Amino acid sequence: MTARADMLGQLANRRIGHALPRAFYTDPAYYQLDLESIWYKDWVFAGHDCELPAPGAFLTLQLGDYPILLVRGRDGDIRAFHNACRHRGSRICSTGHGSVARLKCPYHQWTYELDGRLHYARDMADGFDKSAYGLKPVHCQSAGGYLFVCVAQDAPDFAPYRAVAETYLGPHRLAETKVAFESTIIEQANWKLVWENNRECYHCSGSHPELCVTFPERPTLAVTGGDMVDPDDMAAWARWEAQGLPSRYCIAEDGNFRLVRLRLLEGMVSYTMSGQPAVRRPLSDSVTGADIGALLMFHFPTTWNHVLGDHALSFRVLPLGPTQTQVTTKWLVHKDAVEGVDYDLANLTHVWLQTNEQDRRIVQENQIGVSSPAYEPGPYSALHESALVQFQEWYAGAVQRGLGGPARALSRVA
Ligand code: FES
Ligand SMILES: [Fe+2]
């Protein structure tokens, strides 16, 4: 049986409410199918608009085999391109961020305009047609301060996410922020183990002493709405929505994104060891009052996020191999907030630097155990791990759609 038929068969017959079989977390052929069915087909979070403040500012990312660059043009628009020269293919921008007047290939100095047109190619023959060798475009969209790219020929419809993201994220004005700090870690684990760990807080009390100072472990946080919603959450949503802050659960039809605003522990307003704001200047000029809970947004397969009154956190997941994943965390603050005056960087970053490191160790141990031939998928806790059922439902649906496998109705959780 081919890996493709094997994978589709295992997904169709998987035991609901249980972890996935070993091959999904270990097998290079299954990893390749993940890339082809999901990562090379869906919208992938690249970075923030605020990271490209002026024409010529660029950022890069490596998505599987695809090096990609995003750059702000002279017209102010942000575009994405394959970061590979049209001469002999060299990568053009090799740093994560930067600013250029034009995009110049370091190999033989072919030079491109910020809109991708080839501007200059030295000593090519008469009749060389520069217009035929512009950079290859990648689909690029911006919504609520987040930049997404898609390398598929035909990108999925971005409109449903845009509508929701702009409504929920709009008041927080993330395009008017700056990255106060950025951290990238490599986790020796399959990307789905990283996500599964993120989607439950069953492990929090045993692993995250700093986060548990402010973040509640209530299992109802993990579910996607429905009967288990706490009346106190309903009251908080009504209060925040009266302030103009959309807060109720909103989940995509196919489960690939979800937004909801949730209460932190009583009296806590930010992820610090005191629970008090890490940044004196509010994140957004249009949101008053520190107690706005945390707006939690995820968009599979690349990003989960927390937006607080004083700062926001974005997390970007990129797969590096069958058992290796890159996680980049960014701390966003108001663009005019001044380090050392409005915030102390160590205080701002402490809780999540610790939490990320704790999670890295957890998922690496998970990978070692799952890689054993003796591993067999165990049952989820219905109380604490219902969001893993939702993640797996999305994953199975996305792979089946991406590989053209047998359709299976998606059971919406909310
Ligand atoms: S490969 Fe880029 S100029 Fe030659
Ligand atoms: Fe965790």
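Rules used in this analysis
- Residues numbered from 1 in each chain as written.
- Chains lettered and ligands numbered in written order.
- Predicted model: local features only at pLDDT ≥ 70, side-chain atom pairs only at ≥ 80, totals over all residues.
- Buried ≥ 20, exposed ≤ 12 C-beta atoms within 10 Å, placed from the backbone.
- Helix = DSSP H or I, 4+ residues; strand = E, 2+ residues; numbered from the N terminus.
- Pairing = 2+ DSSP bridges.
- Core = buried A, V, L, I, M, F, W, Y, C linked by C-beta atoms within 7 Å.
- Domains from an automatic or database assignment.
- Contact = placed C-beta atoms within 7 Å.
- Nonpolar A, V, L, I, M, F, W, Y, C, P; charged D, E, K, R; others polar.

Caption draft 1: Representation of the pairing of strand β3 (residues 66-72). Within β3, five of the seven residues are buried, which leaves it mostly tucked inside the rest of the structure. Relative to β3, strand β2 (residues 57-63) is paired through six bridges, and the arrangement is antiparallel. Across the sheet, the residue bridging to Thr60 is Leu69, located in β3. Connecting β3 to the antiparallel partner strand β4 (residues 78-82) that follows it, the hairpin turn spans five residues, and Gly76 within it adopts a positive phi of roughly 90°.

Caption draft 2: The arrangement of the nonpolar core in detail. Formed by 96 residues in total, the largest nonpolar core has its most connected members in Ala46, Leu69, Leu70, Phe148 and Val149. If you count residues domain by domain, this core takes at least three from each of domain 1 (44-150) and domain 2 (162-370). Those residues in contact with Val149, other than ones at most four positions away along the chain, are Val44, Ala46, Ile68, Leu70, Ala80, Val138, His139 and Cys140.

Caption draft 3: Examining the domain arrangement of the protein more closely. When the domains of the protein are assigned, the result is domain 1 (44-150) and domain 2 (162-370). Computed from C-alpha atoms alone, the centre-to-centre distance between domain 1 and domain 2 is 30 Å. Each partner contributes to the interface: domain 1 provides 15 residues, whereas domain 2 provides 20 residues. Those elements that provide at least two residues to the side of domain 1 that touches domain 2 are β1 (44-48), β2 and β9 (137-143). Here the side of domain 1 that touches domain 2 is composed, by residue class, of seven nonpolar, six polar and two charged.

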